Amino acid sequence: MATFWNSNVLTELSGGAIEMWTIQNLNDGEARIFRWLQQTDHDTRRPEGKVFLIAGGSMDVGEPTAELVAGAEKVFHSGEYTAYCYASWQELESLLGADA
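A. Expanded view of the overall build of the protein. Within the protein one finds three helices and five strands. Ordered by position in the sequence, the α and β elements of the protein form the string β-α-β-β-α-β-β-α.

Structural data, given as structure tokens:
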């Protein structure tokens, strides 16, 4: 999961090997699926297995709350971006709330 400006770039650069779900924001611990310019089934289907969340970047629209990243494994960090790994979509969704 990532916001629009990060999500689609990762899918494109990986030649489609990384399937990203695009979210609208991370403000206040919420992440709503962004229903534009991503696979239409992302509206009803969720990822299987481990998932990661990309946060940061000048085009991002929010930062994850402390609760969202407290139990996550930080798997990447650069000057602008941080990637957090979760065991499953369900784990991440429980931290995000019902709007995910």
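B. View of the pattern of salt bridges. Tallied over the entire structure, the rule returns two salt bridges. A salt bridge links Glu19 to Arg45, with the shortest nitrogen-to-oxygen separation between them at 2.5 Å. Residue Glu19 is found in the loop between helix H1 (4–13) and strand S2 (22–23), and its partner Arg45 is found in the loop between S2 and strand S3 (51–56); the two are separated by 26 residues along the sequence. We classify Glu19 as partly exposed; its relative accessible area is 34%. Residue Arg45 is classed as partly exposed on the basis of its relative accessible area, which comes to 30%. Here the residues in one salt-bridge network are Glu19, Asp41 and Arg45, joined through shared partners.

C. Structural context of the nonpolar core. Grouped together as the largest cluster of nonpolar side chains are 14 residues, with contacts concentrated most on Met1, Leu53, Leu68, Tyr86, Trp89 and Leu92. Elements with a minimum of two residues in this core: S3, strand S5 (81–86) and helix H3 (89–96).

D. Structural detail: the sheet that holds strand S4 (residues 73–77). The strand order S3-S5-S4 describes an open sheet built from three strands, whose pairing is antiparallel. Across the chains shown, the open sheet's two edge strands, defined by having one partner strand only, are S3 and S4. Along the sheet, successive strands turn relative to each other by an average axial angle of 25°, direction set aside.

E. Examining the pairing of S4 more closely. For S4 and S5, the ladder comprises four bridges, and the chain directions are antiparallel. Bridged to Lys74 within S5 is Tyr84.

What counts, and at which threshold
Residues numbered from 1 in each chain as written. Predicted model: local features only at pLDDT ≥ 70, side-chain atom pairs only at ≥ 80, totals over all residues. Heavy atoms only, no water. Helix = DSSP H or I, 4+ residues; strand = E, 2+ residues; numbered from the N terminus. Salt bridge = Lys/Arg side-chain N within 4 Å of Asp/Glu carboxyl O. Buried < 20%, exposed > 50% of the residue type's maximum accessible area, 1.4 Å probe, protein only. Core = buried A, V, L, I, M, F, W, Y, C linked by side-chain atoms within 4.5 Å. Pairing = 2+ DSSP bridges. Axes fitted to C-alpha atoms, helices over the stretch in contact; angles between N-to-C directions.

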